[in-house]
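Observations on the three-dimensional arrangement
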Amino acid sequence: MLLTDIGQLIVVPPGPLCGAQMRAPARIDGAALQVRDGRIQWFGPAQQAPEDPERVSAGGGTVVPGLVDPHTHIPFAGERSGEFERRLAGESYLAIMQAGGGIRVTTQAVRDASEDELVAVNLPRLQRMLTYGVTTCECKSGYGLTAEDELKQLRAIRTLKTRQPIELVATYLGAHALPAEYEGRPDDFIEMISDPALLRQIADEDLAAFCDVFCDAGAFDVDQSRRVLQRGLEAGLRPKLHADELKQIGATVLAGEVGAISADHLECIDEAGIAALRGAGSVAVVLPGTSFFLGIEHCDTRRLIEAGLPVALSTDFNPGSSHIENLQWIMAIACCQLRLTPTEVLVACTANAAAAIGRADRVGAISVGHQADLLVLDTESLAEWLYTPGRNRVRTVIKSGKVVHSAA
Ligand code: NIG
Ligand code: FE
């Protein structure tokens, strides 16, 4: 298949792209791109395009890699709009969590749901995300908080992989919150949730590739988090970390110490954390939807880019701290409030997001041999796309060379 009439092709190279490299991607005006066997076979100026019997017109639109959302809390059940109202009236996220609300409320809803129900309520979410241009997405457990309910969430993810076109990458987040029945006994909970036999089962059944922990005030401390991540590593699950979101407790330094593939949130990151990520080659995943939704300070993302880190962006889609499923909305916040350039934002949502979930060799780039995951936008440039927050400019979504969504 030859994609022709591309007004502007944004040539994002494979990630991770560090610091100033995030501004480097080239553009080709008047481009074409050839796909063979689901992969990019050739791209360049249209006049030089190879012959191909099957031609598809991009109608003069901009073409970019399919978006990658590297941090979501799909699958979840229930909703927390009451808590949203309480926060708007002045209560903090942490105070609500410490009073037994927050994650525990969603845990109850997830425990009450069957695996089939989890699939049924989360399938439409993924179907909508596809229309916003997401072609690869990370999904976490973390609302079951018993071995059985965590496995149920991971199995729901496995089923969701087969029900819709977005490629899903699973993460085990058993240490997400202390469930009520373990109140006052966090170390017992940590033992249960990081039982080596459970972690081995998760790895052996290929139910997750990564192990994540919520390492923060009100959640788990550095020692507890280290224990879980090290056991995960021993079972073959690569570490990730929810770090420096609510308070600075040394979480990002831990991420570096265990060689995490990414450290996520980072609103309160310090110099030691930046140095630790640089040393470990971890991706800094910034979640501005969370700071927007919670009304807290954004992560100083410019500082991370200037420090030479590869920065990715993500929705953190979940029912409590970021009830935002549209990655384009995150891109808009990143431009308007984090003051990232459109090119930096695109790289953060493609090449670097792919690197944050260990898929940079295959997705998130316009590169020969990469999977042909592409978006055709109805705009003449990248800047025009991000200049229209709230309006879906994705006209066509292509996954592995096949059109999987077209706007009406
Ligand atoms: O990434 N920070 C921890 N976990 C989620 C919130 C989950 C929830 O509130 O349900 C987050 O923000
Ligand atoms: Fe999260």
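Here's a quick rundown of the structure. The structure presented is a predicted model; accordingly, all values stated were derived computationally and were not measured. (Residues numbered from 1 in each chain as written. Chains lettered and ligands numbered in written order. Predicted model: local features only at pLDDT ≥ 70, side-chain atom pairs only at ≥ 80, totals over all residues. Heavy atoms only, no water.)

Our next topic: the overall build of the chain. For the chain, the count of helices and strands is 16 helices and 16 strands. Compactness check: the chain gives a C-alpha radius of gyration of 21 Å against a globular reference of 22 Å for 408 residues, within 12% of the reference. In terms of overall dimensions, the chain has a C-alpha envelope of 70 × 45 × 45 Å along the principal axes. For the chain, the proportion of its 408 residues judged to be buried stands at 60%. (Helix = DSSP H or I, 4+ residues; strand = E, 2+ residues; numbered from the N terminus. Rg over C-alpha atoms; globule rule 2.2 N^0.38 Å. Buried < 20%, exposed > 50% of the residue type's maximum accessible area, 1.4 Å probe, protein only.)

This part is about the pattern of salt bridges. What the rule picks out here adds up to 23 salt bridges. With its nearest N and O atoms 2.6 Å apart, the salt bridge here joins arginine 128 to glutamate 325. One end of the pair, arginine 128, is in helix α4 (residues 115–131); the other, glutamate 325, is in the loop between β13 (311–313) and α13 (327–336), with 197 residues separating them in the sequence. For the salt bridge of lysine 152 with aspartate 149, the shortest nitrogen-to-oxygen distance reads 3.1 Å. Linking lysine 152 with aspartate 149, this pair stays in helix α5 (residues 147–163), spanning three residues, or about one helical turn. Residue classification places aspartate 149 among the buried positions, given a relative accessible area of 10%. Within the structure, one salt-bridge network assembled from shared partners comprises Glu167, Arg362, Asp373 and Lys399. (Salt bridge = Lys/Arg side-chain N within 4 Å of Asp/Glu carboxyl O.)

So, on to the site of ligand 1. For ligand 1, the set of nearby residues contains 15 residues, the closest of which are Arg80, Tyr93, Tyr143, Glu245 and Ser321. Here an oxygen atom of ligand 1 sits 2.5 Å away from a polar atom, N or O, in the side chain of tyrosine 93. Taking tyrosine 143, its side chain carries an N or O atom lying 2.6 Å from an oxygen atom of ligand 1. Contact with the protein chains removes 100% of the 320 Å² of surface that ligand 1 exposes when unbound. Of the residues belonging to the shell around ligand 1, the class tally is four nonpolar, eight polar and three charged. (Near = heavy atom within 4 Å. Polar contact = N/O pair within 3.5 Å; in protein donor to acceptor, adjacent residues only side chain to side chain. Areas by Shrake-Rupley, 256 points an atom, 1.4 Å probe, with all protein chains shown as cover. Nonpolar A, V, L, I, M, F, W, Y, C, P; charged D, E, K, R; others polar.)

Each disulfide is one covalent bond, formed between the sulfur atoms of two cysteines. In total, this model carries zero disulfides according to the counting rule given. Not part of a disulfide, cysteine 18 finds its nearest cysteine sulfur in cysteine 299, a span of 16 Å. This cysteine, cysteine 211, is not joined by any disulfide, and cysteine 215 carries the nearest cysteine sulfur, 12 Å off. (Disulfide = S-S within 2.5 Å.)

Below, the discussion takes up the sheet that holds β13. The strands making up a sheet associate through backbone hydrogen bonding, with each pair oriented either parallel or antiparallel. Read across the sheet, eight strands follow the order β6-β7-β8-β9-β10-β11-β12-β13 without closing on themselves; strand pairing throughout is parallel. The outermost strands of the open sheet, each flanked by one partner alone, are β6 (67–69) and β13. When the angles between neighbouring strand axes are averaged without regard to direction, this sheet yields 25 degrees. Of the pairings in the sheet, the one linking strand β9 (residues 210–215) to strand β10 (residues 238–243) comprises four bridges and is parallel in character. What sits directly across from phenylalanine 210, in β10, is arginine 238. Relative to strand β8 (residues 167–175), α5 is tilted by about 175 degrees, and along the sheet it contacts β7 (134–140) and β8. (Pairing = 2+ DSSP bridges. Axes fitted to C-alpha atoms, helices over the stretch in contact; angles between N-to-C directions. Contact = heavy atoms within 4.5 Å.)

The textbook angles at a metal center are 109.5 degrees for a tetrahedron of four donors and 90 or 180 degrees for an octahedron of six. In this structure, His71 (NE2), His73 (NE2), His242 (NE2) and Asp316 (OD) serve as the protein donors to the iron ion (ligand 2), at separations of 2.1 to 2.2 Å. Mapped onto the polypeptide sequence, the residues donating to the iron ion (ligand 2) form the spacing pattern H-x1-H-x168-H-x73-D. Separated by 171 residues along the polypeptide, histidine 71 in the loop between β6 and α1 (81–88) and histidine 242 in strand β10 bring together distant segments of the chain. For the pair histidine 71 and histidine 242, a shared accessibility class is recorded, and that class is buried. (Donors = N, O, S within 2.8 Å, 3.2 Å for Na, K, Ca; no water.)

Moving on, we get to helix α6 (residues 186–193). Those residues of α6 that fall on the buried side of the exposure criterion are Phe189, Ile190 and Ile193. Within α6, the buried residues cover an arc of 100 degrees as seen down the axis, which keeps them to one side. Those residues of α6 that are buried lie in contact with α5, β8, α7 (196–204) and α8 (222–235). (Arc of directions from axis to C-beta.)

A full pass over the atoms with the stated rule returns five aromatic pairs. Centre to centre, the rings of phenylalanine 76 and phenylalanine 317 are 5.2 Å apart; their planes meet at 75 degrees, and the pair counts as edge-to-face. Of this pair, phenylalanine 76 sits in the loop between β6 and α1 while phenylalanine 317 sits in the loop between β13 and α13, placing them 241 residues apart in sequence. With relative accessibility at 0%, the residue phenylalanine 76 sits in the buried group. (Phe/Tyr/Trp six-rings, centres within 6.5 Å; stacked < 30°, edge-to-face > 60°.)

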